[in-house]
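So the chains spell out like this:
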Amino acid sequence: MTETLKKLITILKDGEFHSGEQLGKTLGVTRSAVWKLIKQLSTWDLEIESVTNKGYRIPGGLTLLSKEKILSFLSFDQQARLEKIEILDNIPSTNDYLLHSLQARPNKNYACFAEKQTHGKGRRGRTWIAPFAKNIYLSVLWRFPQDPSALSGLSLAIAVSIIETLKHYTTTQELGIKWPNDVLYKNHKLAGILVELAGESNDNCSAVIGVGLNVDMPNASHQYITQPWADLQNMTQTIVDRNEVAGLLLSHLVNTLILFQNQGFHAFTEKWQTLDLTLGKPISLTNSASEKLQGIGRGINEQGHFLLETPCGIKSFSSGEVSIRLSN
Ligand code: BTN
């Protein structure tokens, strides 16, 4: 993002009208250059109102992520576990950012948030829609003193920590997890997790844990989302402070990663089971060979693998896509 564009966002984030002339003067550009910048922002799904004789405004204003505010939700111990926390404006993907810079980063843990992703990655090759300054896009690079086989169930544990974050905002029982790690509210996706394994050797490995959490999905983005979705603001019917969500989420994630590193998935199995939305439900499961199987959800085993009751008995799956079949 150019410095001029950054300045423009900083001015418009107050939600007030600013005339093209005034903006041009402050930014040191012509009015038509201001108009071009505004057009560019509109392509980011930012709602910008333009009214003759008043100028431009972002209705409701914008809250940008602030490192200081996010850190205020982390204890000193939690902060000490992270070598660096970065807030980036606009990048392809926070997961890719950490994966690509792995060599340059010494053997420590890192966290990075972005205001916008142009190529946000979802599970199974999907795209994660990531409009500017509306939701949370977070990746954490974590070093484990174990080999990759010890990471079985990690993404399920992360889903538990997202629900713990969301419990600060709601007591609803309609919040839960669809195996392996989709966080759903009323069967609509509120958050997703993408864990990617990075460098590894005999006795240690690194994982990049990516979390996308919908906070206030703008109207303009709806058309691109291909599955039923929810966001925190429509769930709580209140305005939610993204810095608070980001801080609470990172704090829960760090706790989860420390516990997981010390005790593995075992420490999360019970909690996960209480949040299981598929337990006892009629399920369609697409396995890694793209075959569709039907049965009844029977929870998970101690590695976090899905258990499906079929006419041939209970089968376990380490990967796949699960959907709950609606009964007639
Ligand atoms: C899913 O499909 O459910 C996983 C979605 C994960 C999205 C997050 S957003 C932050 C991080 N960076 C990415 O490119 N993807 C993850």
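Cut-offs applied
- Residues numbered from 1 in each chain as written.
- Predicted model: local features only at pLDDT ≥ 70, side-chain atom pairs only at ≥ 80, totals over all residues.
- Heavy atoms only, no water.
- Helix = DSSP H or I, 4+ residues; strand = E, 2+ residues; numbered from the N terminus.
- Rg over C-alpha atoms; globule rule 2.2 N^0.38 Å.
- Buried < 20%, exposed > 50% of the residue type's maximum accessible area, 1.4 Å probe, protein only.
- Contact = heavy atoms within 4.5 Å.
- Core = buried A, V, L, I, M, F, W, Y, C linked by side-chain atoms within 4.5 Å.
- Domains from an automatic or database assignment.
- Phe/Tyr/Trp six-rings, centres within 6.5 Å; stacked < 30°, edge-to-face > 60°.
- Lys NZ or Arg CZ within 6 Å of the ring centre and 35° of its normal.

A. Local environment of the overall build of the protein chain. Looking only at helices and strands, the protein chain features 10 helices and 14 strands. Relative to the globule expectation of 20 Å for 328 residues, the C-alpha radius of gyration of the protein chain, 21 Å, shows essentially globular dimensions. For the protein chain, the proportion of its 328 residues judged to be buried stands at 53%. For the protein chain, the share of sequence-separated contacts (at least 6 apart) that also reach a separation of at least 24 residues comes to 66%.

B. The nonpolar core, seen in detail. Core analysis: the largest hydrophobic core is formed by 63 residues, its most contacted members being Ile-136 and Leu-250. Tallying contributions element by element places helix α9 (residues 242-263) first for this core, with 10 residues. Both domains that furnish three or more residues to this core are identified here as domain 2 (67-273) and domain 3 (278-326). Apart from residues lying up to four places away in sequence, Ile-136 is in contact with Leu-65, Phe-113, Val-211, Gly-212, Leu-213, Val-215, Arg-242, Val-245, Ala-246 and Leu-249. Formed by 19 residues, the second largest nonpolar core is a distinct cluster that contains Leu-12, Leu-27, Tyr-56 and Phe-132.

C. Inspection of the packing of aromatic side chains at higher detail. The full count for this structure, using the stated rule, is four aromatic pairs. Ring geometry for Trp-44 and Phe-132: centres 5.1 Å apart, planes at 45°, overall tilted. Pair noted here: Trp-44 is in the loop between α3 (31-42) and β1 (49-51) and Phe-132 is in the loop between β4 (110-117) and β5 (136-144), with a separation of 88 residues, a long-range link. For Trp-44, a relative accessible area of 8% puts it in the buried group. By the ring-pair criterion, three or more aromatic residues cluster together here, those being Phe-144, Phe-260 and Phe-268. The ring of Tyr-110 has Arg-105 sitting right over it, with the charged end atom 4.5 Å from the ring centre.

Honestly, it's all geometry; don't read function into it.
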